[in-house]
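Residues per chain, in single letters:
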Amino acid sequence: MSTTLAEKVWADHLVRKGSDGAPDLLYIDLMLMHEVTSPQAFEGLRLAGRKPRHVDQLIATEDHNTPTVDIDRPNPDETSALQLTTLERNCKEFGVRLHPLGDADQGVVHAFAPMLGLTQPGMTIVCGDSHTSTHGAFGALAFGIGTSEVEHVMATQTLSLKPFKTMAVNIEGELPQGVTAKDIILAIIAKIGTGGGQGYVIEYRGAAIEKLSMDARMTICNMSIEAGARAGMIAPDEVTFEYLKGRPHAPEGEMWDKAVAYWKTLRTDDDAVFDKEVTLDVADLEPYVTWGTNPGQGAPIGANVPEPESIADETARNAAERAIEYMGLKPGTPIKDIAVDTVFIGSCTNGRLEDLRVAASIMKGHHKADSIHRVLVVPASSRVRLQAEKEGLDRIFKDFGAEWRNAGCSMCLGMNPDKMVAHERSISTSNRNFEGRQGKGSRTHLASPAVAAATAIRGTISSPADL
Ligand code: SF4
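Residues numbered from 1 in each chain as written. Predicted model: local features only at pLDDT ≥ 70, side-chain atom pairs only at ≥ 80, totals over all residues. Heavy atoms only, no water.

An unreviewed UniProt entry lists the chain under the name 3-isopropylmalate dehydratase large subunit, from Bifidobacterium panos. Quoted straight from UniProt, the Pathway (unreviewed entry) entry for the chain says "Amino-acid biosynthesis; L-leucine biosynthesis; L-leucine from 3-methyl-2-oxobutanoate: step 2/4." (UniProt positions renumbered as here; feature names shortened; annotations may be inferred.)

Given below as structure tokens:
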């Protein structure tokens, strides 16, 4: 029977097929952990007197609660400090490998693992974090799970699940200059809505996807969650193999050849049928920016903030009205006229090396606009930071007037010292723009690193073409 990529990976991990509507039991190859969603799972294991079933298939890092400056000093936030020391204690007690703050491999959970070659095609990967979908860029079936499921995986290395539906998102056409993976995914979410992918694993396919680097593919799969999907995937190809070769956890020698031979089988059969298909032609795509308070409330940068009365659907109209009010905007305002206070370049969506290179190439020789309060550049992992410094990108950022930070989730969410205050407005390369996401009352516009860098130069939302 012809199958899709997701169905192939599922079948290869099936421990037991559920009968009479019962869920299947899937083997899990790798579970990633961080300080926020692991404490209850460790506690559950402790209370049950259990040990992890395969401790070498669990790996943890510190990211959400970590400060990105003065990392050698005690954490200024009591709750954050407790979360981090609890993770350290738990990992020590249960023998789980941890890359803590200050370690060369520490970083945002979805950034450090691919860099180590831990994320590989055809794997099942879970984490108590929704953006686990990022790892699908390698052709892995990767998705976020709840705390009790984290405990279940620790104890059994398996998970009970009902099969997901499958959706193909075909990205066709040649991507115009200055338009990036972030613009593609924001355009998809604007097209299908934040619930459009609910219950599905999305497979991104097509000529435009095949031309993307691994960093760009991770950006796309990362935001599958913002379209409501359980996971996003891209079939592995030469770009994937090239990225993985020589990484610390990639197979070597004969094992590498065997692995590549298997990875090449991980493609959707020509006549396989998806439950749903969507196509986006990117030939005329402009950079995308969100104007509202969910990632689907986005528009091309040359558009205006919508007039709610022009929206036919009542629910969408009401949501737009509320969002425009929260964002402190006037309907009909050109998006390019919106002035921001803060620029955040980082996160598991766009804090990778390629993102920093793009931002640096635009900022080079410029200085941030006087009206911009701060520009935070936060590498997604310590390895990204080290490589960026080797290339002199840190110098460019500092000369520009930006703050060059240590790796972490940082201003992606208001859970560490990098917060915004009420009514402060940012352009952010992260993935969520919900009310208060970057701090109570904060206002977030999602965009690509290229748009964030151009905006930092001009002070108003801008694309590199506006410079
Ligand atoms: S960078 Fe943001 S989205 Fe990514 S794991 Fe951290 S908090 Fe979550």
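According to UniProt, the positions carrying the feature "binding site: [4Fe-4S] cluster" (unreviewed entry) are Cys-348, Cys-409 and Cys-412. These annotated residues cover 65 residues of sequence, and their C-alpha atoms all fall within 8.8 Å of one another, placing them together at a single site. Summarising the element assignment, Cys-409 is placed in the loop between β17 (403–404) and β18 (425–428). Beyond its immediate sequence surroundings of up to four residues, Cys-409 is in contact with Asp-63, His-64, Val-108, Phe-344 and Asn-416. Assignment of secondary structure puts Cys-412 in the loop between β17 and β18. Relative accessible area serves as the criterion here: at 6%, Cys-412 is assigned to the buried category. (Helix = DSSP H or I, 4+ residues; strand = E, 2+ residues; numbered from the N terminus. Contact = heavy atoms within 4.5 Å. Buried < 20%, exposed > 50% of the residue type's maximum accessible area, 1.4 Å probe, protein only.)

Before going further, it helps to examine a negative patch on the surface. Where like charges cluster on the molecular surface, the negative patch consists of Glu-172, Glu-210, Asp-281 and Asp-284. Note that Asp-281 resides in strand β12 (residues 276–281). Residue class for Asp-281 comes out exposed when judged on its relative accessible area of 51%. (Patch = residues over 30% accessible without salt bridge, like charges linked within 9 Å, V, L, I, M, F, W, Y side chains within 5 Å. Areas by Shrake-Rupley, 256 points an atom, 1.4 Å probe, with all protein chains shown as cover. Salt bridge = Lys/Arg side-chain N within 4 Å of Asp/Glu carboxyl O. Lys, Arg positive; Asp, Glu negative; His and termini not counted. Charge placed at Lys NZ, Arg CZ, Asp CG, Glu CD.)

Take helix α2 (residues 39–48) next. Turning to α2, its buried residues are Pro-39, Ala-41, Phe-42, Gly-44 and Leu-45. Contacts from the buried residues of α2 go to β3 (30–33), α3 (78–94) and α5 (147–156). Looking one or two places after α2, you find Gly-49, whose phi comes out positive at around 65°.

A few words now on the packing of aromatic side chains. Any aromatic ring pair is given by two values, namely how distant the centres are and how the planes are angled relative to each other. In the structure shown here, the tally under the stated rule is 7 aromatic pairs. Their ring planes at 85° and their centres at 5.4 Å tell us that Phe-143 and Phe-164 sit as a pair that is edge-to-face. Of this pair, Phe-143 sits in strand β7 (residues 141–144) while Phe-164 sits in the loop between β8 (158–161) and β9 (165–172), and the two are 21 residues apart along the sequence. Both residues of the pair, Phe-143 and Phe-164, belong to the buried class. Ring geometry for Phe-397 and Trp-404: centres 5.6 Å apart, planes at 20°, overall stacked. (Phe/Tyr/Trp six-rings, centres within 6.5 Å; stacked < 30°, edge-to-face > 60°.)

Residue placement: Asn-406 occurs in the loop between β17 and β18. Discounting chain neighbours no more than four positions away, the residues touching Asn-406 are Thr-68, Val-69, Ile-71, Val-378, Pro-379 and Arg-385. Within the local environment of Asn-406, its side chain forms a polar contact with the side chain of Arg-385, the two groups lying 3.5 Å apart. (Polar contact = N/O pair within 3.5 Å; in protein donor to acceptor, adjacent residues only side chain to side chain.)

A separate point is the site of the ligand. Near the ligand the following residues occur: His-64, Val-108, His-110, Asp-129, His-131, Ser-347, Cys-348, Cys-409, Cys-412, Leu-413, Asn-431 and Arg-437. Within the shell around the ligand, the residues separate by chemical class into 5 nonpolar, 5 polar and 2 charged. (Near = heavy atom within 4 Å. Nonpolar A, V, L, I, M, F, W, Y, C, P; charged D, E, K, R; others polar.)

A word on the packing of α2 against α3. Remark: α2 packs on α3, axes separated minimally by 10 Å, with the N-to-C direction vectors making an angle of 40°. Two packed elements cross with a definite hand, and for α2 against α3 that hand is left-handed. Taking contact as the criterion, the partners of Pro-39, Phe-42, Leu-45 and Arg-46 in α2 are, on α3, Gln-83, Thr-86, Leu-87, Asn-90, Cys-91, Glu-93 and Phe-94. Tallied by class, residues from the contact of α2 with α3 come to 6 nonpolar, 3 polar and 2 charged. (Axes fitted to C-alpha atoms, helices over the stretch in contact; angles between N-to-C directions. Left-handed = near helix turned anticlockwise from the far one by under 90°.)

Strand order in the open sheet formed by 4 strands is β11-β10-β9-β12, with parallel pairing between adjacent strands. Pairing within the sheet leaves two strands with one partner each, and these edge strands are β11 (231–233) and β12. Each strand of the sheet is rotated relative to its neighbour by a mean of 20°, with strand direction disregarded. In the sheet, β9 pairs with strand β10 (residues 200–205) via 6 bridges, with the strands oriented parallel. Its bridge partner being in β10, Thr-166 is matched across the sheet by Val-201. Sitting on the sheet, helix α6 (residues 181–192) touches β9, β10 and β12, and the angle it makes with β12 is about 125°. (Pairing = 2+ DSSP bridges.)

Moving on, we get to unusual backbone geometry. Not every positive phi belongs to a glycine, and Asp-70 is a case in point at roughly 45°. With respect to the secondary-structure elements, Asp-70 resides in the loop between β4 (58–61) and α3. Backbone geometry places Ser-410, a non-glycine residue, at a positive phi of 50°. One can find Ser-410 in the loop between β17 and β18. Residue classification places Ser-410 among the buried positions, given a relative accessible area of 0%.

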